[in-house]
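Structural features, examined
Listed below, chain by chain, are the residues.
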Amino acid sequence: MSAKPDASEQLLIEAAQKDPRRFADLYEANFERVYAFVARRVGERADAEDITAEVFHQALANLHNFEWRGVPFSAWLFRIASNAIADRWQRAARESGSPPSALADDPPDPSASVDPEAIEKCARLFRLVAELPADQRSVIEMRFTAGKSIAEIARELGRTDGAVKQLQFRAVRSLRTRFEKKHQKRTRAKHG
Amino acid sequence: MAKQSLSEQLDFVISRLLDRPDAPLPRDQAARPDDPSVSPTIEVIAALRDLPRPDFKARLKADLERRISMASSAQAEPVPEVRATVTPYLSVRGAAAAIEFYKKAFGATELYRLQQPDGRIGHATIDIAGAKLYLADEFPEAGFQSPESLGGSPIVIHLDVADVDALGRQAVAAGAIVVRPIEDQFYGARSGQFRDPFGHTWTLSTNKETVSPEEMQRRNDEISRQETAAPEEAKPPRGRATYIREGFHTVTPYLIISGAAQWIDFMKRAFAAEEKFRVPRPGTDVIMHAEMQIGDSMIELADANDQFPAVPMTLLIRSSDPDASYQRAIAAGAHPVDPVKDQGYGTRAGTVRDDSGNNLHIFMPLPGDKIFQEFRSVTPHLYADNAPALIEFMEKAFGGKEVYRAQLPDGNIPHAQVRVGDSLIALAGSIGRSTYPVRPSSIHLYVPDTDAVYERALRAGAQSIEAPADQPYGDRSAGVRDPFGNQWFIATHIGSGTP
């Protein structure tokens, strides 16, 4: 289920190598993947955002070095992300004066193999959220990214707790349905 | 109530997962082992915990775009002004000879030469008064074709020099042909145009006066007004004009062949040609000039010599019975090329080749044909790789007019007709490289003013063979060779005497 390298991606890369303004297309195509990859390895939302930003900054700066070898562009981005995460842990270790292994219970291993399928599913889910009806999307975003309680959201939206819970329920159900549908479609396409 | 309870249940799970992000995900055997749909829902909820903040994607994108525009403006500014250079790269047939010519004609210096194993020059750099030019032998197999292969070149090389008159004389002495004589131009230059022996055109120019763009436009408009006001050039009158010798038309094929005497005999047997006139070299059967008539048309011919090597050509011969004519031609010694059959384009026709190498296409327009109706008994047929260029030459030089053109999708032009004076000339070729055999022809042309047509032909790109001169047989005639290798003998009948 990983992103298959395809000709259109190659075209996007070549276009961006010629004209950096075209990098926006590559960003749009890969943002969710990179963020999902980073967020799974970094606990704090702020860190995930910093590292995601760093990945795209580096990708933009080094795009001319990218050579198309049939590997998905996202694999290159994941490698940059792994290095960025490792750097961050090493820097943190230097600053605290202790070896990285002593810094946390579970320091991320940058060489740990990427589970591209899980990343891809996660990225797809993020894109599905953006397609939800506005009120459902607001509830999901407030609940999951701002960590707000049902009562807080209800106050903000001027609705009852029950109505917000209902919106949350419909949103998750809709995400799950569309998630599974797309999942099946892709699987069929792959074997068809 | 059931829905209420489901949304309550779901919120309970979400709250737990959000409060304790590190807690293991509930498995299907956990809360509701009977409901298999719980697991995918949990999967969705777990993944949503990593959902990026709604504005982050847009913020990062804006940040990236800012960096991109800064990087591109930072790059654009410090780069010093880049001066591009344009260098003509000439493809020539015979690059080594061309280099020698450019040395003589323009005082070129050879800077570099790359020799190919097959003897061709793969690249050479020459310098003309500080201007650099590249040239190489043509490599038609690689699509690098010379003007000789293409039938001309659309590019003019403009060379600004210190003394245009001196260099013009030097170029002509080396073998360049005057296309436009050197003269003062309205835009402030003194310049002329020349064609080198390899088919490239050069404008040699020396600046004499700085003319403002407004003044240049004013002078140009003035010249245009004068040209419009000038009376239209006198058209050749219809019917037989006095400048055309009795019995002739504007166009007469002039065959220069080996075995001219034998050919006359052959034409008599094959097509009942009538010999009208013959000038043999005294004491030999070498024919210096001969004329014969077939139907309503004349054919002139001469034996080839050192000055005029043989140019066997293609003649279209109209016959009321092509099958019989074809058989007679074969019986008279011609070789079959293409037996007589109905042709898709409206004739019944066949082709033979005679011993002198001429192709004779014997045809009869089929009923309903409109394309070949106007053909006389004999029509010369030309070939050119670049047929439109040849047509244009005939239009510019002789006031010809294209009256028919068949063009195939592949660019080949199997048949075209140009009217010159009272006659038609047929031709075939291509808009690119012809698949038809290209061979030069030789044509005698009666015109109202030999000198003017001669000048026009040179301007249109022809080379001079013979300057205009009065001939003892009552014609004023000249000769030119067009860029496609065809020889044109231009004549005006001025005397009243017969040959």
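What counts and what doesn't
- Note on numbering: residues in each chain are counted from 1, in written sequence order.
- Numbering of ligands from 1 and lettering of chains from A proceed in the order in which they are written.
- Totals for whole chains, interfaces and linings use all residues, but because this is a predicted model, local features are given only for residues with pLDDT of at least 70 and pairs of side-chain atoms are given and counted only at 80 or more.
- As a rule here, side-chain values cover all heavy atoms of the structure and leave hydrogens and water aside.
- In this text, helices come from DSSP runs of H or I with a minimum length of four residues, and strands from runs of E with a minimum of two, each type numbered from the N-terminal end.
- We call a residue buried when its accessible area falls under 20% of the maximum for its residue type, exposed when it is over 50%, and partly exposed in between, using a 1.4 Å probe and counting protein chains only.
- Pairs of residues are marked as contacts when any of their non-hydrogen atoms sit within 4.5 Å.
- Note on areas: these come from Shrake-Rupley sampling with a 1.4 Å probe, and a residue is covered only by the protein chains present in the view.
- For two strands to be treated as a pair, DSSP must find no fewer than two bridges joining them.
- Angles here are taken between N-to-C directions and fall from 0 to 180 degrees, while the axes themselves are lines fitted to C-alpha atoms, restricted in helices to the stretch in contact.
- Two parts placed together each lose some accessible area under a 1.4 Å probe, and adding up what both lose gives the buried area.
- When a carboxyl oxygen of Asp or Glu lies within 4 Å of a side-chain nitrogen of Lys or Arg, that pair is called a salt bridge.
- Here a polar contact is taken to be a pair of N or O atoms separated by no more than 3.5 Å, where protein atoms must pair a possible hydrogen donor with a possible acceptor and residues adjacent in sequence count only if both atoms sit in side chains.
- Throughout, the ten residues Ala, Val, Leu, Ile, Met, Phe, Trp, Tyr, Cys and Pro are labelled nonpolar, Asp, Glu, Lys and Arg are labelled charged, and all others, Gly among them, are labelled polar.
- The quantity called pLDDT is the predictor's confidence in a given residue, expressed from 0 to 100.
- Remark: nonpolar core denotes a set of buried residues (Ala, Val, Leu, Ile, Met, Phe, Trp, Tyr, Cys) joined through side-chain atoms within 4.5 Å.

1. Re the overall build of chain B
Each helix and strand counted, chain B has 11 helices and 24 strands in total. Burial analysis of chain B (499 residues in total) assigns 45% to the buried set. Contacts in chain B between residues at least 24 apart in sequence constitute 56% of all its contacts with a sequence separation of at least 6. A total accessible area of about 25200 Å² is found for chain B, and carbon and sulfur atoms account for 53% of it.

2. Here we look at the overall build of chain A
Scanning chain A from terminus to terminus reveals 9 helices and 0 strands. Buried residues in chain A amount to 43% of all 192 residues. By sequence separation, contacts in chain A at least 24 residues apart represent 64% of the contacts at least 6 residues apart. When the accessible surface of chain A is summed, it comes to about 9900 Å², and 48% of that surface belongs to carbon and sulfur atoms.

3. Brief notes about the sheet that holds strand S21 (residues 442-446) of chain B
Residue and element names in this part refer to chain B. One open sheet accounts for 8 strands, arranged S10-S11-S12-S9-S21-S24-S23-S22; its pairing is mixed. At either end of the open sheet lies a strand with only one pairing partner, and these are strand S10 (274-280) and strand S22 (463-470). Ignoring which end each strand starts from, the neighbouring axes of this sheet average 20° apart. Bridge count for strand S9 (residues 251-257) against strand S12 (residues 297-303) is 4 bridges, and the pairing is parallel. By the bridge assignment, Ile256 is partnered in S12 with Ala302. Sheet contacts for helix H11 (residues 450-459): S22, strand S23 (475-481) and strand S24 (487-493); angle to S23, the most-contacted strand, approximately 5°.

4. Details of the sheet that holds strand S8 (residues 201-207) of chain B
Residues and elements named next belong to chain B. The 4 strands lie next to each other as S5-S8-S7-S6, forming an open sheet whose pairing is mixed. Each edge of the open sheet is held by one strand with a lone partner, namely strand S5 (156-160) and strand S6 (177-184). Neighbour-to-neighbour, the strand axes of the sheet open up by a mean angle of 15°, direction not taken into account. Bridge count for strand S7 (residues 189-195) against S8 is 7 bridges, and the pairing is antiparallel. Within the sheet, the bridge partner assigned to Phe194 lies in S8 and is Trp202.

5. Examining the interface of chain A and chain B
Put simply, an interface is often sized by how much accessible area is lost when its parts join up. Counting from both sides, the interface comprises 39 residues of chain A and, opposite them, 33 residues of chain B. With both chains or domains summed, chain A and chain B bury close to 3600 Å², and 69% of this area falls on carbon and sulfur atoms. Our count for the chain A to chain B interface comes out at 8 salt bridges. Residue A:Lys121 pairs with B:Glu43 through a salt bridge whose shortest N-O separation is 2.7 Å. Between the two partners, chain A and chain B, sit 16 residue pairs in polar contact (both at pLDDT 80 or more). Counting only elements with at least two residues in the side of chain A that touches chain B, the list comes to helix H2 (23-41), helix H3 (45-62), helix H6 (116-130), helix H7 (134-144) and helix H9 (161-191) of chain A. When its residues are assigned to classes, the side of chain A that touches chain B shows 22 nonpolar, 5 polar and 12 charged.

6. A short note on the pattern of salt bridges
Enumeration according to the criterion identifies 44 salt bridges over all chains in this entry. Between B:Asp184 and B:Arg190 there is a salt bridge; the shortest N-O distance is 3.1 Å. The salt bridge involving B:Arg348 is made with B:Asp342; its shortest N-O contact spans 3.0 Å. Owing to a relative accessible area of 48%, B:Asp342 belongs among the partly exposed residues under this scheme. Each of A:Glu28, A:Glu32, A:Arg127, B:Lys57 and B:Lys61 takes part in a single network of salt bridges with overlapping partners.

7. So, the confidence of the model for chain B
Residue and element names in this part refer to chain B. Here chain B averages 85 in pLDDT, and 88% of its residues register 70 or above. This stretch, residues 231-240, has a pLDDT under 50; its non-local contacts, to residues over four places away or in other chains, come to 7 contacts. ipTM for the predicted complex: 0.85, alongside a pTM of 0.42.

8. Re the nonpolar core
Counting residues in each nonpolar core, the largest one holds 60 residues, and the members touching the most others are B:Trp263, B:Met267, B:Phe393, B:Met394, B:Phe398 and B:Trp488. Judged by nonpolar contacts, the second largest core, of 56 residues, contains A:Ala36, B:Val44, B:Leu48 and B:Leu64.

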